[in-house]
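Take a look at the letters that make up each chain.
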Amino acid sequence: MKFFIDTANLAQIKEAQALGILDGVTTNPSLMAKEGITGQSNIFQHYLDICEEVEGDVSAEVIATDFEGMVAEGEKLASLHPRIVVKLPMIKNGVKACSYFSAKGIRTNVTLVFSVGQALLAAKSGATYVSPFLGRLDDISTDGMHLISEIRKVYDNFNFETQILSASVRNTMHIINCAKIGSDVITGPLSAIEGLLNHPLTDNGLKQFLKDYAKGNNLHSELQ
């Protein structure tokens, strides 16, 4: 399973990259705005900066909602860097644009997916990735993980090459359950990824090892 980080913060991207487990980055207009990055030229430059930090795919989202606007913006984004994947919303024009880009050999990520039907349309239109938002479904008392499982079943039935990119991941259990189901990719904050490191027995064991080491060295010093 690939690990993507969902952020526009370069420091967090560098930190995740330093772990040696980062496979890519996803961003969106909200994340860009959170970092104070506005204006098309600044946003495009920031995508280039992100691409310089990672070796995997970087999803760059279009702002337009009309077909012609999506195509124009998507082509500009795709031309920025070979790692750029054009991110499109799951609307009628988004599916149409996805089909257009697929025919051109431009990779895509269809986002804001909340149903199996939407995921099926994304795969049929040739999407490289489909991004179901499991955390946002959990927020409205709907089982987001069940959606991931259902999409996995449908994609396996027909051998779709579209990768399931589980988005809106909020915590470590989301990541673990996605791995069990067979999600191809997860994307979430650095805190959720680093949360996989944590276990009290690891902390207690290391503390004891260091304590015993120090005790042994002190005893050795006394005997000399």
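Quick summary incoming for the structure in this document. Remember, predicted model here, so these are calculated numbers, not experimental data.

### Looking at unusual backbone geometry
Right, so step 1: Of note in the backbone geometry, asparagine 159 takes a positive phi value of approximately 55° without being a glycine.
Right, so step 2: A positive phi angle, near 60°, is found at serine 168, a position not held by glycine.
Right, so step 3: Here serine 168 shows up in the loop between strand 7 (163-166) and helix 9 (172-181).

### With respect to the side chain of serine 168
Right, so step 1: Serine 168 gets classed as buried once you look at its relative accessible area, which sits at 11%.
Right, so step 2: Only 3.1 Å separates the side chain of serine 168 from the backbone nitrogen of arginine 136, close enough to count as a polar contact.
Right, so step 3: Reaching out from serine 168, the side chain makes a polar contact with the side chain of arginine 170 at a distance of 3.3 Å.
Right, so step 4: Setting aside residues no more than four positions away along its own chain, serine 168 makes contact with Phe133, Leu134, Gly135, Arg136, His174 and Thr187.

### Observations regarding helix 6 (residues 116-124)
Right, so step 1: Among all positions of helix 6, only Ala119, Ala122 and Ala123 are buried. Looking straight down helix 6, one finds its buried side chains confined to an arc of 95°; they lie on one side.
Right, so step 2: In this structure, the buried residues of helix 6 make contact with helix 5 (92-104), strand 5 (108-113), strand 6 (129-132) and helix 8 (144-158).
Right, so step 3: Taken from the residues just after helix 6, glycine 126 is the one with a positive phi, measuring 90°.

### Details of the sheet that holds strand 8 (residues 185-188)
Right, so step 1: An order of 1-2-3-4-5-6-7-8 is seen for the eight strands of this closed barrel, with the pairing classed as parallel. Going from strand to strand, the sheet's axes swing by 30° on average, the running direction of each strand aside.
Right, so step 2: Bridge count between strand 3 (residues 57-61) and strand 4 (residues 84-89): four bridges; the pairing is parallel. Residue serine 59 lies in a different strand from strand 4, and its bridge partner there is valine 85.
Right, so step 3: Across the sheet, helix 4 (residues 67-80) touches strand 3 and strand 4, and the angle it forms with strand 4 is around 160°.

### So, the packing of helix 6 against helix 8
Right, so step 1: Orientation of helix 6 relative to helix 8, taken along the N-to-C sense of each, is 40°, at an axis distance of 10 Å. By the angle class used here, helix 6 and helix 8 are oblique. Considering the relative orientation of helix 6 and helix 8, their crossing is right-handed. Along its contact with helix 6, which presents Val116, Ala119, Leu120 and Ala123, the element helix 8 presents Leu147, Glu150, Ile151, Val154 and Tyr155.
Right, so step 2: Taken together, the residues that form the contact of helix 6 with helix 8 break down as eight nonpolar, no polar and one charged.

### Some thoughts on the side chain of asparagine 109
Right, so step 1: Its place among the elements puts asparagine 109 in strand 5.
Right, so step 2: A distance of 2.8 Å separates polar atoms of two side chains, one belonging to asparagine 109 and the other to serine 131.
Right, so step 3: If sequence neighbours within four positions are ignored, asparagine 109 has contacts with Thr26, Ser59, Val85, Val86, Lys87, Leu88, Tyr129, Val130, Ser131 and Leu165.

### Some remarks on the environment of isoleucine 186
Right, so step 1: Turning to its location among the elements, isoleucine 186 is positioned in strand 8.
Right, so step 2: With twelve residues separating them along the chain, isoleucine 186 and histidine 174 place their C-alpha atoms 8.8 Å apart.
Right, so step 3: Excluding residues within four positions of it along the chain, isoleucine 186 makes contact with Met1, Lys2, Phe3, Phe4, Ser166, Val169, Ile175 and Cys178.

### Examining the nonpolar core
Right, so step 1: Counting 55 residues, the largest nonpolar core has Tyr47, Val58, Leu88 and Tyr155 as the members making the most contacts within it.
Right, so step 2: In terms of residue count, helix 8 provides more of this core than any other element does, six residues in total.
Right, so step 3: When sequence neighbours within four positions are dropped, the list of residues in contact with tyrosine 47 reads Thr27, Met32, Val58, Ser59, Ala60, Glu61, Leu77, Leu80 and Ile84.
Right, so step 4: Phe4, Val85, Tyr129 and Leu165 belong to the second largest nonpolar core, which has five residues in total.

Calculation rules
Per-chain numbering applies: the sequence of each chain, read as written, is numbered from 1 onward. Local features are withheld for residues below a pLDDT of 70 in this predicted model, meaning they are given only at 70 or higher, and side-chain atom pairs are given and counted only at 80 or more; totals for whole chains, interfaces and linings count all residues. Calculated side-chain values reflect all of the structure's heavy atoms, with hydrogen atoms and water omitted. Think of it this way: any DSSP run of H or I at least four residues long counts as a helix, any run of E at least two long counts as a strand, and we number them from the N terminus. Categorising residues by exposure relies on relative accessible area from a 1.4 Å probe, with only protein chains included: less than 20% of the type maximum marks a residue as buried, more than 50% marks it as exposed, and the intermediate range marks it as partly exposed. N or O atoms within 3.5 Å of each other form a polar contact, as long as, within protein, one can give a hydrogen and the other can take it, and as long as residues adjacent in sequence are counted only when both atoms are side-chain atoms. Throughout, a contact is declared for two residues whenever any of their heavy atoms are within 4.5 Å. The directions considered for the arc are those from the helix axis to the C-beta atoms. Two strands make a pair as long as DSSP finds a minimum of two bridges between them. In this analysis an axis means a line fitted to C-alpha atoms, helices contributing only their contacting stretch, and an angle means the value between N-to-C directions, from 0 to 180 degrees. The labels follow the angle: roughly parallel below 35 degrees, roughly antiparallel above 145, roughly perpendicular from 65 to 115, and oblique for the rest. Crossings are classed by handedness, with left-handed meaning an anticlockwise turn of the near helix from the far one by less than a right angle and right-handed meaning a clockwise turn. Under the grouping applied here, Gly and all other residues not named as nonpolar or charged are polar, the nonpolar ones being Ala, Val, Leu, Ile, Met, Phe, Trp, Tyr, Cys and Pro and the charged ones Asp, Glu, Lys and Arg. Residues belong to one nonpolar core when they are buried, are Ala, Val, Leu, Ile, Met, Phe, Trp, Tyr or Cys, and are joined through side-chain atoms within 4.5 Å.

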